[in-house]
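# Coordinate inspection notes
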Amino acid sequence: MTTWTCMDGNEAAARVAYRLSEVVAIYPITPASPMGELSDAWSAAGQPNLWGSVPHVIEMQSEAGAAGAIHGALQRGSLATTFTASQGLLLMLPNMYKIAGELSPGVIHVAARSIATHALSIFGDHSDVMGARATGFAMLSSSSVQEAQDFALIAHATALSSRVPFLHFFDGFRTSHEVDKIALLADDEIAALIDPAAIAAHRARRLTPDAPSIRGTAQNPDVFFQAREAANPYYLAVPGLVRDAMAKLADVTGRSYDLVDYDGSPDAERVIVTMGSSRGAAVEAVNALTARGEKVGLITIRLYRPFPSRSFLEHLPASVRSIAVLDRTKEPGASGEPLYQDIVTALSESDRHDVRVVGGRYGLSSKEFTPAMAAAVFDDIAAPAPKNHFTVGIADDVTGMSLDVPPLDTDTAAVRAVFYGLGSDGTVSANKSAVKIVGEETDLFAQGYFVYDSKKSGSTTVSHLRFDEDPISSTYLISNATFVACHQFRLLERMDILDVAQHGATFLLNSPYGPKDVWKHLPARVQSQILEKNLDFYVIDAQALSRDLGLAGRINTIMQPCFFELTSIVDRDAARTAMKTAVRKQYGKRGDEIVARNEAAIDRATALLHRVQVADSISGVATWSIDPSAPGIVQDLMAPILEGRGNEVPVSALPVDGTFPSGTSKWEKRTIAQELPIWDPDLCIDCGHCVIVCPHAAIRMKVYDPAALEGAPEDFPTKGFHAKEVAGKNLTIQVLPEDCTGCGICVDVCPATSKSDRTHKALDLHPLADHFDVELDRFKVFSDLPTLDPDVIDVAKVKGSQLREPLFEFSGACAGCGETPYVKLLTQLFGDRLLVAYATGCSSIYGGNLPTTPWTSNDEGRGPAWANSLFEDNAEFGMGIRVASDQQAEEAR
């Protein structure tokens, strides 16, 4: 009996890899980290592998170390695996050549990701795995979560039977983090593909003093060449052995795969060749076009190395006249990308010389690939002179190689839901839970894909959920949603939330304004779309309930019941029971009180859900826009990205070498706080602690002559400043309401408490809606106040340091970050002469992430110069900068 469950691609692959391994060497790298983390957790819990022993999981010092450990484990005769991506895979290359050269049957699972070039990207394409194609590893590509599980098994089984090590890869984020309902492989099904004799043969080849041998020798020109050719028979056997494993899998599961798969018209004249998750979108395009009578087809490459030329030619219809090969990578200066060159070679070595072949690039760094884009490729190769080396999915106004994309809608899932939230508000976790509830509590198929900004908590998240009676293969974002939820009211002002809503869709808004008042607070654009699309509009004040229940801004267990209530895809009582089960599983370790609060949220949420009777006229507020005084690059490049229109940015708008100006975060104005710290000057003791600990430089202090307040509003907060270095000055501490994250660290450290009310401090948190406009007006007055000479007060004191201008402000770090106050302080002390060499990681993402960067300059134009190389070479990179600086200083002297 088939067991159906919901999981993401990382878990699907890791589950099989763990069961078939004895040694797992790991080192975390996004987006492959969950595979190693899961394996580590399973090992710590004593979960056995297929043979009853608990795999030994070891975390190494780097990806290179993980590959070295796997190399050693394989030489000792163990079954071994590891997981990686991007530069991590490149660090494994030296050992991969060794492992393959020694015919050691290891497996590496890769969540394929962009290689850092002009910039780092944590998102998916094939540039990393293409860098490994010459190592001698066989390469197997999965295009879905189901395949990530199934092909993990095929990779391990065939590595053992062939002695050739395997690299099994799937697209980072698009497959690694997509949650799907899949048919789970049972242990007996896994065992059916594993040949005990092949394991015994691997054991017999191990290094042992009982039968000593020498490996890894140094060879001279007289024999090295011949030895490299000696392994040819093993590689020639791989395609047949992979096909055998696929046939066995079909026998035990009913799921059939081939080295190369074909979809489309049997007499196709135009064919696309692709690999990976683009298959889903391309298949939908093929089905739509063939239904119109067009003769088109799709070839999906499963086994990429050794390249299955014979199987490719067998699957290519004799009627084909034009082929477009899609590569998810770019090799500057090459005559064509890798898959394109393989196809050209396969055809040139056959008798199919009548076929015209063009190549194109798509999907770099997880750029969308849709059925409409596949249709654009089919249209282009129907032309008498199609573009070769084209791009699709971007606007190339520099070299003119991009294709125009026609409209094509093939998304037919019964429920298509899109949720907008902020990192750390619980939206993504709630939607992952919803996918599992629907997938496991009903007969429906479920899919969840989650779009994250690479900034930290507080950045926008967008969840795309599909539910249908049939399996879902739509590997692209939803653009015609039947349900749209906005979990943060302020997002309406800066993003076109309702652009994805289809006519008649349901719109759920988390709003501080009730059903009678919300309309007048909506942006005019939102009002217009609600009316034009005839949306069914509902509101709930989730933040108020969250505060009432003490959930600290977490609204997931409030919004989730509303989704189930409005879509009715799960019985109300069954949904409530399932949600509470999920709460106990997720929060059980945090205590009964936390569980009880979340269960209360589930029980109370729908009673606070209200349908809005919309007005028949548009009278809304203005939407957010970049300050017109912002520099040109902010207006032309960063503003579209901030507004969620980054995909529309043309090639010409981007710097060619990845160099961007600093000091751009001040134009972003995210307004993500739910509560603001409000200053009470009557209690303040002038300590400056609140300012020095602020992670985002969103609370500032100024000391100035009282005369500077001439013309200021009477209620502008101020007080006398007490410091022995100066006399007769005033102090104001002011929050920047658009930049504050509401973390409350400033309130926590404030030592000044009212004697009559111990809950009242010199800083208290109050709801944003009650104070935003007032604090914004006050900040404008504060900005015009003069700045005290920073040398008046000793910079070694907290007060003195915090009167200096920070040259690191409004970063994308998590609310309440403990690192950034130190970075900010560094810039206050030395910012005008600072060179910064950063390592890839948390600090590089909050410090150097587009579209805006927090490193800035002073009024003289001086400030920190920042650069990042890689995660692994930070010390060497920084040393190089220092040595060069010393050399230049010596030359100047």
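Please read these numbers as outputs of a predicted model, since none were measured by experiment.

Looking now at the overall build of the protein. Secondary structure summary: the protein contains 30 helices and 29 strands in total. Radius of gyration (C-alpha) of the protein: 30 Å, near the 29 Å computed for a compact globule of 893 residues. Projected onto the principal axes, the alpha-carbon positions of the protein cover approximately 90 × 75 × 60 Å. The contacts in the protein between residues at least 6 apart in sequence include a share of 78% that link residues at least 24 apart. Only carbon and sulfur atoms are counted for the fraction: they give 52% of the accessible area of the protein, which is about 36,900 Å². Each charge sign in the protein was given a centre, from 78 positive and 111 negative side chains, and these centres are 3 Å apart.

Viewed as axis vectors pointing N to C, helix α6 (residues 145–162) and helix α10 (residues 232–253) meet at an angle of 135 degrees, and their least axial separation amounts to 9 Å. Of the possible angle classes, the one that applies to α6 and α10 is oblique. Where α6 crosses over α10, the handedness of that crossing is right-handed. Residues Asp 150, Phe 151, Leu 153, Ile 154, Thr 158, Ser 161 and Ser 162 of α6 form the contact with α10, whose own contacting residues are Tyr 234, Val 238, Leu 241, Val 242, Ala 245, Met 246 and Leu 249. Grouping the amino acids of the contact of α6 with α10 by side-chain chemistry returns 10 nonpolar, 3 polar and 1 charged.

In this section: the pairing of strand β13 (residues 322–327). Counting buried positions along β13 yields 6 of 6 residues, so the element is predominantly enclosed. Side chains of β13 alternate between two faces, with Ser 322, Ala 324 and Leu 326 and Ile 323, Val 325 and Asp 327 buried alike. Taken together, the 4 bridges between strand β10 (residues 270–274) and β13 define a ladder with parallel strand orientation. The partner of Ile 272 across the bridge, within β13, is Ala 324. As paired strands, β13 and strand β14 (residues 356–362) are joined by 6 bridges and run parallel to one another. Looking at the pairing, Leu 326 lines up with Gly 360 of β14.

Let us look at the packing of aromatic side chains. Across all of its chains, the model carries 19 aromatic pairs by this definition. Each ring, one from Phe 489 and one from Tyr 513, has its centre 5.3 Å from the other, and the planes form 70 degrees; the classification is edge-to-face. Of the two residues, Phe 489 sits in the loop between β19 (481–486) and α16 (491–494) while Tyr 513 sits in the loop between β20 (501–510) and α17 (518–521), which places them 24 residues apart along the sequence. For Phe 489, a relative accessible area of 10% puts it in the buried group. The class of Tyr 513 is partly exposed, set by a relative accessible area of 23%. Grouped by ring-pair contacts, the aromatic residues Phe 419, Phe 467, Phe 483, Phe 563 and Phe 564 constitute a single cluster. Residue placement shows Arg 305 over the ring face of Tyr 304; its charged tip is 4.2 Å from the ring centre.

Scoring rules and cut-offs
Residues numbered from 1 in each chain as written. Predicted model: local features only at pLDDT ≥ 70, side-chain atom pairs only at ≥ 80, totals over all residues. Heavy atoms only, no water. Helix = DSSP H or I, 4+ residues; strand = E, 2+ residues; numbered from the N terminus. Rg over C-alpha atoms; globule rule 2.2 N^0.38 Å. Contact = heavy atoms within 4.5 Å. Areas by Shrake-Rupley, 256 points an atom, 1.4 Å probe, with all protein chains shown as cover. Lys, Arg positive; Asp, Glu negative; His and termini not counted. Charge placed at Lys NZ, Arg CZ, Asp CG, Glu CD. Axes fitted to C-alpha atoms, helices over the stretch in contact; angles between N-to-C directions. Parallel < 35°, antiparallel > 145°, perpendicular 65-115°, else oblique. Left-handed = near helix turned anticlockwise from the far one by under 90°. Nonpolar A, V, L, I, M, F, W, Y, C, P; charged D, E, K, R; others polar. Buried < 20%, exposed > 50% of the residue type's maximum accessible area, 1.4 Å probe, protein only. Pairing = 2+ DSSP bridges. Phe/Tyr/Trp six-rings, centres within 6.5 Å; stacked < 30°, edge-to-face > 60°. Lys NZ or Arg CZ within 6 Å of the ring centre and 35° of its normal.

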